[in-house]
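Single-letter residue listing:
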Amino acid sequence: MYEPIRTKSVHSTVDGPNPDFPHRSREEELDIQLAGHLAALLAVTDELRATKASADLDTAAERLAEQVGRLRGGRAPVRASMSGSRRERGGTALHRRAHALAGRALVVAASRADTAAAILAAERMDAHAAALEPRELASR
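Residues numbered from 1 in each chain as written. Predicted model: local features only at pLDDT ≥ 70, side-chain atom pairs only at ≥ 80, totals over all residues. Heavy atoms only, no water.

So, about the overall build of the chain. Of regular secondary structure, the chain possesses four helices and zero strands. Residue burial in the chain is summarised as follows: out of 140 residues, 30% are buried. Counting contacts in the chain only where the partners sit at least 6 residues apart, residues at least 24 apart contribute 71% of the total. (Helix = DSSP H or I, 4+ residues; strand = E, 2+ residues; numbered from the N terminus. Buried < 20%, exposed > 50% of the residue type's maximum accessible area, 1.4 Å probe, protein only. Contact = heavy atoms within 4.5 Å.)

Counting 26 residues, the largest nonpolar core has L34, L38, L41, V44 and L64 as its most contacted members. Broken down by secondary-structure element, the contributors of at least two residues to this core are α1 (26–51), α2 (55–71), α3 (91–112) and α4 (115–138). Ranked by the residues each element gives to this core, the list is headed by α1, at eight residues. The residues contacting V44, other than those within four sequence positions of it, are L94, R97, A98 and L101. (Core = buried A, V, L, I, M, F, W, Y, C linked by side-chain atoms within 4.5 Å.)

The N-to-C vectors of α1 and α2 enclose an angle of 155 degrees; their axes lie 9 Å apart at closest approach. Classified by the interaxial angle, the pair formed by α1 and α2 is roughly antiparallel. Relative to α2, α1 is oriented so that their crossing is left-handed. Across the interface between the two elements, D31, L34, A35, L38, A39, L41, L42, T45, D46, L48 and R49 of α1 pack against L57, D58, A61, L64, A65, Q67, V68 and L71 of α2. (Axes fitted to C-alpha atoms, helices over the stretch in contact; angles between N-to-C directions. Parallel < 35°, antiparallel > 145°, perpendicular 65-115°, else oblique. Left-handed = near helix turned anticlockwise from the far one by under 90°.)

This part takes up the layout of surface pockets. In this structure, the second largest pocket occupies an estimated 160 Å³ of space. Lining the second largest pocket are 13 residues, with L48, K52, L57, H95 and A131 sitting closest to its centre. The set of elements that each furnish at least two residues to the lining of the second largest pocket consists of α1, α2, α3 and α4. In terms of residue class, the lining of the second largest pocket is made up of four nonpolar, five polar and four charged. (1 Å grid on protein atoms, 1.4 Å probe; cavity = no way out; pocket = protein on both sides within 12 Å on 5 of 7 lines; lining within 4 Å. Points joined across faces, edges and corners; volume = space filled by probe spheres on them. Nonpolar A, V, L, I, M, F, W, Y, C, P; charged D, E, K, R; others polar.)

The tally for this structure, following the rule as stated, stands at eight salt bridges. Between D58 and R49 there is a salt bridge, with its nearest N and O atoms 2.6 Å apart. With relative accessibility at 34%, the residue D58 sits in the partly exposed group. Classification of R49 as buried rests on a relative accessible area of 16%. When salt bridges with common partners are traced through the structure, they connect D31, R70, R112 and D114 into a single cluster. (Salt bridge = Lys/Arg side-chain N within 4 Å of Asp/Glu carboxyl O.)

Turning our attention to the side chain of H95. Along the chain, H95 turns up in helix α3. At 2.9 Å, the side chain of H95 forms a polar contact with the side chain of H128. (Polar contact = N/O pair within 3.5 Å; in protein donor to acceptor, adjacent residues only side chain to side chain.)

Right, here's the structure in full:
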């Protein structure tokens, strides 16, 4: 009733994966994703540091840069210069953004079973939540 297919399928190969196409493992993909979330968190942390000097933010920025470098095979992350033009943005908005980024990083770090990155992300979530509490209560 049906005619058999006489040509090779373009959707799959019998020979297996194409060696010309780069493939990454799940762990490599999670490393890339985690490095991206931590780099974004580092950028927001640097922006917060530009608006308000804090030893906690300085320490957090160095730890974040260290983790991003580790995940990227030793390549240091690009950092915003502290002397450059400062964008005036509300501290509350920056803390909210940092809290959300730290949460995303925590989820990926837990999925990847990266204890060091998970602890750092959880600590940053707590710090940004604490920074938001007085402002949230004052706005009510």
